[in-house]
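# Descriptive analysis of the structure
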There are 10 protein chains.
Amino acid sequence: MLFHVTMDVNLPPALDPEGLTEILDREKAYCQDLQVKGKWVHLWRVVGQYANVSIFDVDSPDELHEILWNLPLFSFMTVKVMPLCPHPSAL
Amino acid sequence: MLFHVTMDVNLPPALDPEGLTEILDREKAYCQDLQVKGKWVHLWRVVGQYANVSIFDVDSPDELHEILWNLPLFSFMTVKVMPLCPHPSAL
Amino acid sequence: MLFHVTMDVNLPPALDPEGLTEILDREKAYCQDLQVKGKWVHLWRVVGQYANVSIFDVDSPDELHEILWNLPLFSFMTVKVMPLCPHPSAL
Amino acid sequence: MLFHVTMDVNLPPALDPEGLTEILDREKAYCQDLQVKGKWVHLWRVVGQYANVSIFDVDSPDELHEILWNLPLFSFMTVKVMPLCPHPSAL
Amino acid sequence: MLFHVTMDVNLPPALDPEGLTEILDREKAYCQDLQVKGKWVHLWRVVGQYANVSIFDVDSPDELHEILWNLPLFSFMTVKVMPLCPHPSAL
Amino acid sequence: MLFHVTMDVNLPPALDPEGLTEILDREKAYCQDLQVKGKWVHLWRVVGQYANVSIFDVDSPDELHEILWNLPLFSFMTVKVMPLCPHPSAL
Amino acid sequence: MLFHVTMDVNLPPALDPEGLTEILDREKAYCQDLQVKGKWVHLWRVVGQYANVSIFDVDSPDELHEILWNLPLFSFMTVKVMPLCPHPSAL
Amino acid sequence: MLFHVTMDVNLPPALDPEGLTEILDREKAYCQDLQVKGKWVHLWRVVGQYANVSIFDVDSPDELHEILWNLPLFSFMTVKVMPLCPHPSAL
Amino acid sequence: MLFHVTMDVNLPPALDPEGLTEILDREKAYCQDLQVKGKWVHLWRVVGQYANVSIFDVDSPDELHEILWNLPLFSFMTVKVMPLCPHPSAL
Amino acid sequence: MLFHVTMDVNLPPALDPEGLTEILDREKAYCQDLQVKGKWVHLWRVVGQYANVSIFDVDSPDELHEILWNLPLFSFMTVKVMPLCPHPSAL
């Protein structure tokens, strides 16, 4: 089942640069692993924002929550989740 | 170039049923033609809403405006447009 | 899977009383049928509002959309959907 | 009487990890005690959020306030309270 | 138990004057009866608004909902309800 | 003349406990003195919030401002003021 | 005592032109009478809006409500009222 | 002096097509005349919206108000005005 | 030309008292100098707020920006600017 | 293609003055270089705000994102992006 997720990142100014690099590396690896597994099926950057629009294809809402909750940047993100379903005009 | 578009439909109560059917038929044909042409690349229904989330792949912002402005339901829609670009973590 | 749904009803003033009664009767029958089937598992009135808070237990987001879209009062409602999952502190 | 409560948690970045663990342990024990007592009758996690939706069954608004005010995480939460009553279509 | 209620009235322009007078008379009688009964314990007009702030003292949230739902102007009102409890500094 | 005032308290996490206790003691004494003087005529806690709803009976808007501005917690509060007047249906 | 009032006018499209002219004439006369009496002490148009910003000098909140409630355009206005007091830096 | 103006058009569904065409023709002529006169110095369509972003170069706020107030579509528009000034980094 | 300006002050908790006193003294002197010069023509405190409503009479939007930008408290303020013009009903 | 961009700057109070000056110098040089290259075609200060309104003329949304993301002040800005297209009434 598909979910539309937006993630807005807001890093606190006091983060030390090394710690930040480490988090960003883990975030990237985590994200790409989910892409390879076919869970994170679309990922776009929003122009001019530290934000993305994503489409997830998961087996359950619980699985989606596990994925999002464990994002290395989760505590610095504002996340919005919207369940999707097939559109009657979609080919 | 990719654009993220949401369309919320709000039909006025006074629309006559025949006129509405005709508009909806034209909307569907118009929408499917753009899918065939590769312009309207994703189309999802938002669960519980008379609304969709769409991704368009167009040659210019002008082309996107022409497409949206000519939607048969355009005057009954609230449309939001967000330009997208590649995400550095996307595979 | 569980979804939290709020429905705010806003009837247009021009509805004729008979038509309204007929819609409300269908709404009630539709709603109670889904309760019997175990799909609409909680239904509360919000104090002072023509609105309810509901919990649905469905097999998929698509099934939830079908249920909501076919509510007799759907075109007079503002609907909000929020996917739920188990809370780690819930017994 | 029933109340619908949402709690959004926003932990300050400067919390020390040990102190946080201690608070979270107390929060869990406090919450589960109220579930056992039949006061906190439903508790769900909102997918993708550090937030919950809860239903409380209390003897008075004062009792609800006492419960919420004494949540170990109260000072880090945004809490919304909505009184509920039986819905005429509920079975 | 006490509830804080605000009521904003928005009359549709198409109401016929006689029907409106009849509704307003019923509203006034209904409101004053509840004051006499000690249910509607405070009622103030908000300066410059067709709106009031009220305090209700009722036996249950259900009773409050019954009172508000049966206001003759209910369908023309935006109602907000907030449960109150004693303040620790109140004498 | 009557004013409806809401006060939402948001204490900064860095306040030292002793300083806080001292401020809260002064706040309580200040508040109770104004109740004794008949200026702060109603004071309720909002259920689930570090907030109150109050009714002030003052001689002028200036007097109200003096009272609010000198609240020991003023700099940690979001204050909203709404002038009231008699309601034509109030007994 | 001084109050800051904003009035946004939103005329319903169905108003007949003659009735509108009559209302606007009464509005202007009513407004100018209050200026002559020293009650409506400032009146400015907001650039690009069918709206004004006004300062009233009245004897009580009740008097202000009477004035605003009886504006011929009152039922077509969104009115906001803000009590003012002397600023310590004002000469 | 420069002003940034956005205009969102919302045509009522009941407008007759001939009357609408006549208004739109007058709007276009009015707008182009102001461009020729150097008052309406930039005019862009917002993609996907019946809305524009404009820059006006006028002699006074009063002149801007006269221009906007007399737009043939003014009563169907939501207009926002923002005064501009030179940016210290602009060449 | 006239501009309506609101200024909401939000002092960071970490400001040292001496530094604050010095800024507030400069703010007052700056403000009173502009009143003497006839630029800052009205200044009112909003009841219950650390905020003011002001009317400026300046020669250009640029002059207004210079004045506001150089307010000693500018970096702690939320400022809103609204251009005004004569109202047709103003005497 | 043209994009309308607004940038609101909110500097954290803890920035050291030297570091700030260095960032502001880089911001100015970066911005002027893009003006010389014809990418940043308009830049206005919003009166009374630490904010600007800008028009960019870029080859793609990706290029716009690169430009904005690399602004020296980017992490202190709230940025809004709106794609533009020719207006049918523009000369």
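Numbering of residues starts from 1 in each chain and follows the order in which that chain's sequence is written. As a convention, the first chain written is A and the first ligand written is 1, with the rest following in written order. Totals for whole chains, interfaces and linings use all residues, but because this is a predicted model, local features are given only for residues with pLDDT of at least 70 and pairs of side-chain atoms are given and counted only at 80 or more. The side-chain figures draw on all heavy atoms in the structure; neither hydrogens nor water molecules are used.

- Under the annotation held in an unreviewed UniProt entry, chain A carries the name Muconolactone Delta-isomerase and is attributed to Kribbella turkmenica.
- Recorded in UniProt under Sequence similarities (unreviewed entry), the annotation for chain A is "Belongs to the muconolactone Delta-isomerase family." UniProt positions are given in the numbering used here, feature names are shortened, and annotations may be inferred rather than shown by experiment.

### Describing the overall build of chain A
- What counts as a helix is a DSSP run of H or I of at least four residues, what counts as a strand is a run of E of at least two, and both are numbered from the N terminus. When you go through chain A residue by residue, the secondary structure sums to 2 helices and 4 strands.
- Starting at the N terminus and walking to the C terminus, you meet the elements of chain A as β-α-β-β-α-β.
- Judged by the C-alpha coordinates and their principal axes, chain A covers about 50 × 25 × 20 Å.
- Working definition: with a 1.4 Å probe on protein chains only, accessible area under 20% of the residue-type maximum means buried, over 50% means exposed, and in between means partly exposed. Looking at chain A as a whole, 49% of its 91 residues are labelled buried.
- The method behind every accessible area is Shrake-Rupley, applied with a 1.4 Å probe, and residues are considered shielded solely by the protein chains displayed. For chain A, the exposed area adds up to about 4100 Å²; of that, 54% sits on carbon and sulfur atoms.
- Charged side chains of chain A number 6 positive and 12 negative; the gap between the two group centres comes to 5 Å. In this charge count, Lys and Arg are treated as positive and Asp and Glu as negative; neither His nor the chain ends contribute. A charged residue contributes its charge at one atom only: NZ of Lys, CZ of Arg, CG of Asp or CD of Glu.

### A few points about the pattern of salt bridges
- The term salt bridge refers to a side-chain nitrogen of Lys or Arg lying within 4 Å of a carboxyl oxygen of Asp or Glu. Tallied over the full model, the rule gives 40 salt bridges over all chains.
- In this structure, the salt-bridge partner of K37 of chain G is D33 of chain G, at a minimum N-O distance of 2.8 Å.
- Since its relative accessible area comes to 55%, K37 of chain G is described here as exposed.
- Exposure remark for D33 of chain G: the relative accessible area of 34% places this residue in the partly exposed category.
- Among the salt bridges present, the one from K39 of chain J reaches D59 of chain J, with a minimum N-O distance of 3.4 Å. Within this pair, whereas K39 of chain J is found in the loop between α1 (17-36) and β2 (40-46), its partner D59 of chain J is found in the loop between β3 (51-57) and α2 (61-69), the two being separated by 20 residues in sequence.
- For K39 of chain J, a relative accessible area of 15% puts it in the buried group.
- It is possible to trace a salt-bridge network through shared partners that takes in K39, D59 and E63 of chain A.

### Topic: the packing of aromatic side chains
- Only centres within 6.5 Å qualify two rings of Phe, Tyr or Trp (six-membered ring in Trp) as a pair; their planes then separate them into stacked at under 30 degrees, edge-to-face at over 60, and tilted for everything else. With the rule as written, the count across this model stands at 30 aromatic pairs over all chains.
- With a centroid separation of 5.1 Å and an interplanar angle of 80°, the aromatic rings of Y50 of chain B and W69 of chain C are classed as edge-to-face. You can see Y50 of chain B sitting in the loop between β2 (40-46) and β3 (51-57) and its partner W69 of chain C sitting in helix α2 (residues 61-69), one on each of two chains.
- Assessed through its relative accessible area of 22%, Y50 of chain B is described here as partly exposed.

### What about the relation of the copies chain G and chain I?
- Each copy is superposed on the other by least squares, with the fit set by C-alpha atoms of residues at a pLDDT of at least 70 in both. Turning chain G through 180° and shifting it by 0.0 Å along the axis lays it on chain I, with an RMSD of 0.0 Å. Considering both components of the superposition, the chain copies are consistent with a two-fold axis.
- The contact definition used throughout considers only heavy atoms, calling two residues in contact when any of these lie within 4.5 Å. With an isologous cut-off of 70% or more, the 100% of interface residues of chain G that recur at the interface of chain I puts this contact in the isologous class.

### Description of the layout of surface pockets
- Of the voids in this model, the second largest pocket is the one considered here, and its volume is about 1500 Å³.
- Elements with a minimum of two residues in the lining of the second largest pocket: α2 (61-69) and β4 (77-86) of chain B, β1 (2-9), α1 (17-36), β2 (40-46) and β3 (51-57) of chain H together with β4 (77-86) of chain J.
- Looking at the lining of the second largest pocket, its residues break down into 27 nonpolar, 10 polar and 7 charged. We place a 1 Å grid over just the protein atoms. Points where a 1.4 Å probe fits but has no way out form a cavity, open points with protein on both sides within 12 Å along at least 5 of 7 lines form a pocket, and any residue with an atom within 4 Å of a point lines it. Grid points are joined across faces, edges and corners, and a volume is the space filled by probe spheres set on the points. By the convention adopted, Pro, Cys, Tyr, Trp, Phe, Met, Ile, Leu, Val and Ala count as nonpolar, Lys, Arg, Asp and Glu as charged, and the other residues, Gly among them, as polar.

### Section: the interface of chain A and chain B
- Taken together, the contacts link 26 residues of chain A with 26 residues of chain B.
- For the pair chain A and chain B, the summed buried surface comes to about 2500 Å²; carbon and sulfur atoms form 69% of the total.
- Joining two parts hides part of their accessible area as seen by a 1.4 Å probe, and the buried area is that hidden amount summed over both. For the chain A face of the interface with chain B, the top three residues by lost area are W44, R45 and H87 of chain A, together amounting to 25%.
- Here chain A is connected to chain B by 0 salt bridges.
- The set of elements that each furnish at least two residues to the side of chain A that touches chain B consists of β1 (2-9), α1 (17-36), β2 (40-46), β3 (51-57) and β4 (77-86) of chain A.

### Considerations on the interface of chain G and chain I
- Taken residue by residue, the interface counts 26 residues in chain G and 26 residues in chain I.
- It is W44, R45 and H87 of chain G that lose the most area in chain G upon contact with chain I, and together they represent 25% of the buried surface on that side.
- Taken together, the connections running from chain G to chain I amount to 0 salt bridges.
- Between N or O atoms, a polar contact is any pair within 3.5 Å; within protein, one atom must be a potential hydrogen donor and the other a potential acceptor, and residues adjacent in sequence are included only when both atoms are from side chains. At the boundary of chain G with chain I, the tally comes to 12 residue pairs in polar contact (both at pLDDT 80 or more).
- Going through the elements one at a time, β1 (2-9), α1 (17-36), β2 (40-46), β3 (51-57) and β4 (77-86) of chain G are the ones with two or more residues in the side of chain G that touches chain I.

### Considerations on the relation of the copies chain A and chain B
- If you rotate chain A by 180° and push it 0.0 Å along the axis, it lands on chain B with an RMSD of 0.0 Å.
- Taken as a fraction of all interface residues of chain A, those also at the interface in chain B reach 100%, which identifies the copy contact as same-surface.

### Let's talk about the sheet that holds β1 of chain H
- The antiparallel closed barrel is built from 8 strands, whose spatial order is β1(H)-β3(H)-β2(H)-β4(J)-β1(J)-β3(J)-β2(J)-β4(H). Strand-to-strand twist in this sheet, taken as the mean axis angle between neighbours without regard to direction, amounts to 35°.
- Paired strands, in this sense, are two strands between which DSSP finds at least two bridges. Two elements, β2 of chain J and β3 of chain J, share 5 bridges in a ladder whose sense is antiparallel. Bridge pairing links H42 of chain J to I55 of chain J in β3 of chain J.
- Strands β2 and β4 (77-86) of chain H of the sheet are contacted by α1 of chain H, whose axis makes an angle of about 135° with β2 of chain H. Working convention: axes come from line fits to C-alpha atoms, limited for helices to the stretch in contact. Angles between N-to-C directions cover 0 to 180 degrees.

### Observations concerning the sheet that holds strand β1 (residues 2-9) of chain B
- Strand order around the closed barrel formed by 8 strands is β1(A)-β3(A)-β2(A)-β4(B)-β1(B)-β3(B)-β2(B)-β4(A), with antiparallel pairing between neighbours. Going from strand to strand, the sheet's axes swing by 35° on average, the running direction of each strand aside.
- Sheet topology note: the β1 of chain B/β3 of chain B ladder contains 7 bridges and is antiparallel. Paired with V5 of chain B across the two strands is S54 of chain B, which belongs to β3 of chain B.

### Examining the pairing of strand β1 (residues 2-9) of chain F
All names here are of chain F.
- For β1, the tally of buried residues reaches 6 of 8 residues, placing the bulk of the element in the interior.
- Bridge count for β1 against strand β4 (residues 77-86) is 7 bridges, and the pairing is antiparallel. Its bridge partner being in β4, T6 is matched across the sheet by K80.

### Structural notes on the pairing of strand β4 (residues 77-86) of chain D
- Where strand β2 (residues 40-46) of chain C meets β4 of chain D, 3 bridges bridge the pair, whose relative direction is antiparallel. By the bridge assignment for β4 of chain D, W44 of chain C is matched with P86 of chain D.

### What about α1 of chain H?
Residues and elements named next belong to chain H.
- A rise of 1.5 Å per residue sets the reference length of α1, with its 20 residues, at 28 Å; its end C-alpha atoms lie 29 Å apart and thus fit the reference within 8%.
- Residues of α1 that are buried include every one of L20, I23, E27, C31, L34 and Q35, and no others. The buried residues of α1 occupy an angular sector of 105° when projected down its axis, which confines them to one face. The exposed set on the far side of α1, more than 90 degrees from its buried face, consists of E18 and V36.
- Buried positions along α1 lie against β2, α2 (61-69) and β4.
- Phi turns positive one or two residues past the end of α1, at G38, with a value near 80°. A helix's residues, less one, multiplied by 1.5 Å, set its expected span. The arc under discussion is defined with respect to the helix axis, by the directions toward the C-beta atoms.

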